[in-house]
Amino acid sequence: MRSRGPDISRARARLAALLLVGGLTVVGPAGIAAAQVTTVETVPPMVDADGRTADERIDQVVVLLRVLGVVLVVGTAGYWWRTRPATVERLAASESEVEVGSTEVVG
(Lines give C-alpha, C1' and ligand atoms only; values in the text may rest on other atoms or scores of the structure.)
Protein backbone atom coordinates (compact mmCIF):
# COMPACT_ATOMS: atom_id res chain seq x y z
CA MET A 1 0.00 0.00 0.00
CA ARG A 2 1.29 3.44 -0.91
CA SER A 3 1.76 6.20 1.67
CA ARG A 4 -0.08 9.48 1.15
CA GLY A 5 2.35 11.57 3.18
CA PRO A 6 4.13 13.39 0.32
CA ASP A 7 0.84 14.04 -1.52
CA ILE A 8 -0.64 15.75 1.51
CA SER A 9 2.43 17.91 2.05
CA ARG A 10 2.41 18.98 -1.63
CA ALA A 11 -1.27 19.92 -1.33
CA ARG A 12 -0.54 21.95 1.78
CA ALA A 13 2.37 23.68 0.03
CA ARG A 14 0.14 24.56 -2.94
CA LEU A 15 -2.56 25.89 -0.61
CA ALA A 16 -0.03 27.96 1.32
CA ALA A 17 1.38 29.41 -1.91
CA LEU A 18 -2.12 30.23 -3.15
CA LEU A 19 -2.96 31.97 0.12
CA LEU A 20 0.31 33.93 0.02
CA VAL A 21 -0.27 35.13 -3.53
CA GLY A 22 -3.91 36.00 -2.75
CA GLY A 23 -2.88 37.88 0.37
CA LEU A 24 -0.23 39.89 -1.44
CA THR A 25 -2.71 40.69 -4.20
CA VAL A 26 -5.24 42.02 -1.71
CA VAL A 27 -2.89 43.75 0.74
CA GLY A 28 -0.22 44.91 -1.71
CA PRO A 29 -2.07 47.92 -3.18
CA ALA A 30 -2.96 49.16 0.30
CA GLY A 31 0.69 49.97 0.93
CA ILE A 32 0.75 52.29 -2.07
CA ALA A 33 -2.44 54.05 -1.00
CA ALA A 34 -1.18 54.47 2.56
CA ALA A 35 1.94 56.22 1.29
CA GLN A 36 0.02 59.04 -0.35
CA VAL A 37 0.09 62.36 1.46
CA THR A 38 -3.19 64.19 1.84
CA THR A 39 -3.67 67.83 2.65
CA VAL A 40 -6.29 69.04 5.07
CA GLU A 41 -8.20 72.15 4.21
CA THR A 42 -9.60 74.26 6.99
CA VAL A 43 -13.32 74.54 6.45
CA PRO A 44 -15.34 76.61 8.89
CA PRO A 45 -17.95 74.45 10.64
CA MET A 46 -21.60 74.81 9.71
CA VAL A 47 -23.50 76.73 12.38
CA ASP A 48 -27.25 76.41 12.96
CA ALA A 49 -29.67 79.17 13.99
CA ASP A 50 -28.74 78.74 17.67
CA GLY A 51 -25.04 79.16 16.95
CA ARG A 52 -24.13 75.52 17.59
CA THR A 53 -21.94 73.40 15.36
CA ALA A 54 -22.72 69.82 14.38
CA ASP A 55 -20.27 68.50 17.00
CA GLU A 56 -22.01 70.47 19.74
CA ARG A 57 -25.42 69.18 18.65
CA ILE A 58 -24.13 65.60 18.62
CA ASP A 59 -22.62 66.08 22.08
CA GLN A 60 -25.96 67.37 23.34
CA VAL A 61 -27.78 64.34 21.90
CA VAL A 62 -25.25 61.97 23.47
CA VAL A 63 -25.70 63.59 26.88
CA LEU A 64 -29.48 63.37 26.52
CA LEU A 65 -29.27 59.67 25.59
CA ARG A 66 -27.06 58.98 28.60
CA VAL A 67 -29.49 60.76 30.93
CA LEU A 68 -32.40 58.79 29.46
CA GLY A 69 -30.40 55.57 29.91
CA VAL A 70 -29.77 56.35 33.59
CA VAL A 71 -33.44 57.17 34.14
CA LEU A 72 -34.42 53.90 32.47
CA VAL A 73 -31.98 51.85 34.57
CA VAL A 74 -33.06 53.53 37.82
CA GLY A 75 -36.74 53.09 36.95
CA THR A 76 -36.22 49.43 36.09
CA ALA A 77 -34.31 48.81 39.32
CA GLY A 78 -37.03 50.55 41.35
CA TYR A 79 -39.78 48.58 39.63
CA TRP A 80 -37.90 45.33 40.23
CA TRP A 81 -37.30 46.24 43.86
CA ARG A 82 -41.00 46.92 44.49
CA THR A 83 -42.35 43.91 42.60
CA ARG A 84 -39.92 41.14 43.52
CA PRO A 85 -41.61 38.22 45.34
CA ALA A 86 -39.99 38.81 48.75
CA THR A 87 -41.21 42.43 48.86
CA VAL A 88 -44.72 41.58 47.70
CA GLU A 89 -45.04 38.81 50.31
CA ARG A 90 -43.71 41.10 53.05
CA LEU A 91 -46.12 43.89 52.08
CA ALA A 92 -49.03 41.42 52.03
CA ALA A 93 -48.06 40.15 55.50
CA SER A 94 -47.78 43.69 56.91
CA GLU A 95 -51.23 44.61 55.51
CA SER A 96 -52.81 41.56 57.16
CA GLU A 97 -51.20 42.50 60.50
CA VAL A 98 -52.60 46.03 60.24
CA GLU A 99 -56.12 44.70 59.59
CA VAL A 100 -55.97 42.34 62.59
CA GLY A 101 -54.62 45.00 64.93
CA SER A 102 -56.95 47.77 63.73
CA THR A 103 -59.36 47.28 66.66
CA GLU A 104 -56.79 48.48 69.18
CA VAL A 105 -57.00 52.04 70.42
CA VAL A 106 -53.72 53.89 70.19
CA GLY A 107 -53.32 56.72 72.57
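Residues numbered from 1 in each chain as written. Predicted model: local features only at pLDDT ≥ 70, side-chain atom pairs only at ≥ 80, totals over all residues. Heavy atoms only, no water.

A look at the overall build of the chain
So, step 1. From N to C terminus, the chain includes 3 helices and 0 strands.
So, step 2. Out of the 107 residues in the chain, the part that is buried amounts to 2%.
So, step 3. When the accessible surface of the chain is split by element, carbon and sulfur atoms take 67% of a total near 10100 Å². (Helix = DSSP H or I, 4+ residues; strand = E, 2+ residues; numbered from the N terminus. Buried < 20%, exposed > 50% of the residue type's maximum accessible area, 1.4 Å probe, protein only. Areas by Shrake-Rupley, 256 points an atom, 1.4 Å probe, with all protein chains shown as cover.)

Concerning the packing of aromatic side chains
So, step 1. Summed over all chains, the structure comprises 1 aromatic pair.
So, step 2. Ring geometry for W80 versus W81: centroids 6.1 Å apart, planes at 55°, classification tilted.
So, step 3. Judged by its relative accessible area of 46%, W81 is partly exposed.
So, step 4. Above the face of the W81 ring, R84 is positioned so that its terminal group lies 3.8 Å from the ring centre. (Phe/Tyr/Trp six-rings, centres within 6.5 Å; stacked < 30°, edge-to-face > 60°. Lys NZ or Arg CZ within 6 Å of the ring centre and 35° of its normal.)

What to know about the side chain of T53
So, step 1. Among the secondary structure elements, T53 is positioned in the loop between helix 1 (5-34) and helix 2 (54-83).
So, step 2. If near-sequence neighbours (up to four positions away) are discounted, T53 is found in contact with P45, M46 and V47. (Contact = heavy atoms within 4.5 Å.)

Here we look at the environment of T83
So, step 1. Within the secondary structure layout, T83 lies in helix 2.
So, step 2. Taking relative accessible area as the criterion, T83 reaches 39% and is therefore assigned partly exposed.
So, step 3. A polar contact of 2.7 Å, which involves the side chain of T83, links it to the backbone oxygen of Y79. (Polar contact = N/O pair within 3.5 Å; in protein donor to acceptor, adjacent residues only side chain to side chain.)

Side note on the pattern of salt bridges
So, step 1. In total, this model carries 3 salt bridges according to the counting rule given.
So, step 2. With its nearest N and O atoms 3.5 Å apart, the salt bridge here joins D48 to R52.
So, step 3. On the accessibility criterion, R52 (25% relative accessible area) is partly exposed.
So, step 4. Its salt-bridge partner being R52, residue D50 comes within 3.4 Å of it at the nearest N-O pair.
So, step 5. What you see here is one network of salt bridges that share partners, running through D48, D50, R52 and R57. (Salt bridge = Lys/Arg side-chain N within 4 Å of Asp/Glu carboxyl O.)

Some remarks on a nonpolar patch on the surface
So, step 1. A surface patch of nonpolar side chains, about 390 Å² in accessible area, is lined by V61, L64, L65 and L68.
So, step 2. With respect to the secondary-structure elements, L65 resides in helix 2. (Patch = residues over 30% accessible without salt bridge, like charges linked within 9 Å, V, L, I, M, F, W, Y side chains within 5 Å.)

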